[in-house]
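# Coordinate inspection notes
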Amino acid sequence: MRVTNRVFGWLKLDSSQSVRRQRVTSKGRRPFALGIDIDGVVEKLDTCINQNVCGATTAFSMSSDFSAHATGDLLQMINDGEDRGKDFPYYALRTVFKRWRKGIDLEPLIQLLQSEKSSERQRGAWYLDEADPPADLMANVVINLADDPVSNCRWRFVAYVTNSRLYSDAIADRLAACLLDLDLYVRANTIFWAVVANDKNFAHFSEAVLTGAGTMLYKFRNPESAGFWRDSERKRAARGIEIAQRLRAGELVASIRESMPEEDSFSFDKLASLSHAIKRAVERRAAEAGAATGP
């Protein structure tokens with residue numbers, strides 16, 4: 001209807017005017033009573049509709065032709081700066097993500113995640129989070145993100161582990177380091193992982209954290225300084241586990257915040273934003289426990 005309105009908009013007819021079509025003249029044209037050439041208008045309308053249809057067909061064909069391009073070529077075209085239309089990046093990435101979700105042609109993603117350039121690793125980490133490729137094919141690659149100097153990569157590691165439910169002794173050790181991360185966004189996301197993890201993985205993780213997993217080796221000339229940082233890390237580790245335990249038990253974020261002023265408020269702000277997901281996890285575990293015990 002937008003095409004029709006655009007073509008006829010310049011007529012500017014009000015409710016008191018009427019348009020009456022006359023018989024075809026000897027010249028084969030049909031004039032309006034108001035002196036407007038109906039055939040000319042129809043020709044304009046046909047032209048506009050054809051252009052609209054052609055444009056829609058072109059866009060559809062362009063999106064469907066992405067399957068003919070290699071994944072690496074599509075990623076290069078997305079980032080080479082050339083103008084291929086405003087919808088090109090969306091359709092190209094959609095094609096790439098569909099492949100990666102199926103575990104197809106993951107090498108370009110792996111190359112980005114292993115790049116020496118931090119900008120490429122961050123882009124790869126974002127792709128990883130969006131595409132969510134199979135965990136069994138990415139485990140040996142994503143674990144390196146946990147030690148990346150860029151915090152965006154570290155929290156993407158936590159997010160991928162949360163969504164994929166990937167877990168192992170090595171993953172547990174890196175998650176423990178993320179729990180102690182000085183970037184509070186990484187720490188808060190790790191606490192969230194601990195809240196939604198299954199009982200077996202959480203028990204294993206808690207034991208690993210409380211026995212020193214993930215702690216750094218500080219080298220200070222003054223032994224008291226080293227002791228201070230080790231003690232500080234132990235307290236942060238225990239506090240992170242306690243927060244997760246209480247949330248898993250169904251306690252509200254606000255209640256924990258009041259009783260734990262030593263924890264940075266940002267951690268609680270982030271967890272509060274995830275309250276709905278936390279509630280669903282608690283309810284799911286309760287339902288599973290009820291089903292296991294039976295009637």
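Residues numbered from 1 in each chain as written. Predicted model: local features only at pLDDT ≥ 70, side-chain atom pairs only at ≥ 80, totals over all residues. Heavy atoms only, no water.

## What about the layout of surface pockets?
In this structure, the largest pocket encloses a volume near 610 Å³. Lining the largest pocket we find 26 residues, and of these Thr162, Arg165, Val196, Ala197 and Arg284 sit closest to its centre. Breaking the lining of the largest pocket down by element, the ones donating at least two residues are helix H8 (151–164), helix H10 (184–196), helix H11 (199–210) and helix H15 (275–293). The leading source of residues in the lining of the largest pocket is H15, at seven residues. (1 Å grid on protein atoms, 1.4 Å probe; cavity = no way out; pocket = protein on both sides within 12 Å on 5 of 7 lines; lining within 4 Å. Points joined across faces, edges and corners; volume = space filled by probe spheres on them. Helix = DSSP H or I, 4+ residues; strand = E, 2+ residues; numbered from the N terminus.)

## Describing the nonpolar core
Counting residues in hydrophobic clusters, the biggest one holds 68 residues, and the most contacted among them are Trp100, Met138, Phe157 and Phe205. If near-sequence neighbours (up to four positions away) are discounted, Phe157 is found in contact with Val142, Ile143, Leu145, Ala146, Ile171, Arg174, Leu175 and Cys178. (Core = buried A, V, L, I, M, F, W, Y, C linked by side-chain atoms within 4.5 Å. Buried < 20%, exposed > 50% of the residue type's maximum accessible area, 1.4 Å probe, protein only. Contact = heavy atoms within 4.5 Å.)

## What to know about the pattern of salt bridges
Evaluated as defined, the whole model comprises 14 salt bridges. Note that Arg174 and Asp173 form a salt bridge whose closest N and O atoms lie 2.6 Å from each other. Exposure remark for Arg174: the relative accessible area of 18% places this residue in the buried category. For Glu288, the salt bridge is made with Arg284, and the minimal N-O distance between the two is 3.9 Å. One end of the pair, Glu288, and the other, Arg284, are both in helix H15, four residues apart, so they sit about a helical turn from each other. For Glu288, a relative accessible area of 48% gives the class partly exposed. Taken together, the salt bridges that share partners define one network made up of Asp147, Asp173 and Arg174. (Salt bridge = Lys/Arg side-chain N within 4 Å of Asp/Glu carboxyl O.)

## Details of helix H3 (residues 71–79)
Listed in full, the buried residues belonging to H3 are Thr71, Leu74, Leu75, Met77 and Ile78. Seen end-on, H3 carries its buried residues on one side only, within an arc spanning 160°. Against helix H4 (88–101), helix H5 (107–113) and helix H6 (118–131) lie the buried residues of H3. Taken from the residues just after H3, Gly81 is the one with a positive phi, measuring 85°. (Arc of directions from axis to C-beta.)

## Regarding a positive patch on the surface
Taken together, the side chains of Arg94, Lys98, Arg101 and Lys102 make up a positively charged region of the molecular surface. Its place among the elements puts Arg94 in helix H4. (Patch = residues over 30% accessible without salt bridge, like charges linked within 9 Å, V, L, I, M, F, W, Y side chains within 5 Å. Areas by Shrake-Rupley, 256 points an atom, 1.4 Å probe, with all protein chains shown as cover. Lys, Arg positive; Asp, Glu negative; His and termini not counted. Charge placed at Lys NZ, Arg CZ, Asp CG, Glu CD.)

## Some details on unusual backbone geometry
Positive phi outside glycine occurs at Asp132, with the angle close to 55°. With respect to the secondary-structure elements, Asp132 resides in the loop between H6 and helix H7 (135–142). Unlike most non-glycine residues, Arg165 shows phi in positive territory, near 60°. Structurally, Arg165 is set in the loop between H8 and helix H9 (169–179). The exposure class of Arg165 is exposed, given its relative accessible area of 68%.

## Notes on the confidence of the model for the chain
A residue-level look at the chain finds 73% of positions with pLDDT of 70 or above and a mean pLDDT of 80. Per-element confidence in the chain is highest for H10, whose mean pLDDT is 98, and lowest for helix H1 (residues 2–8), whose mean pLDDT is 39. Segment residues 1–39 is flagged for pLDDT under 50; beyond a separation of four residues in sequence, or across chains, it makes 47 contacts in the model. Confidence drops under pLDDT 50 across residues 41–63; counting only partners more than four residues distant or on other chains, this segment forms 18 contacts. (pLDDT = per-residue confidence, 0-100.)

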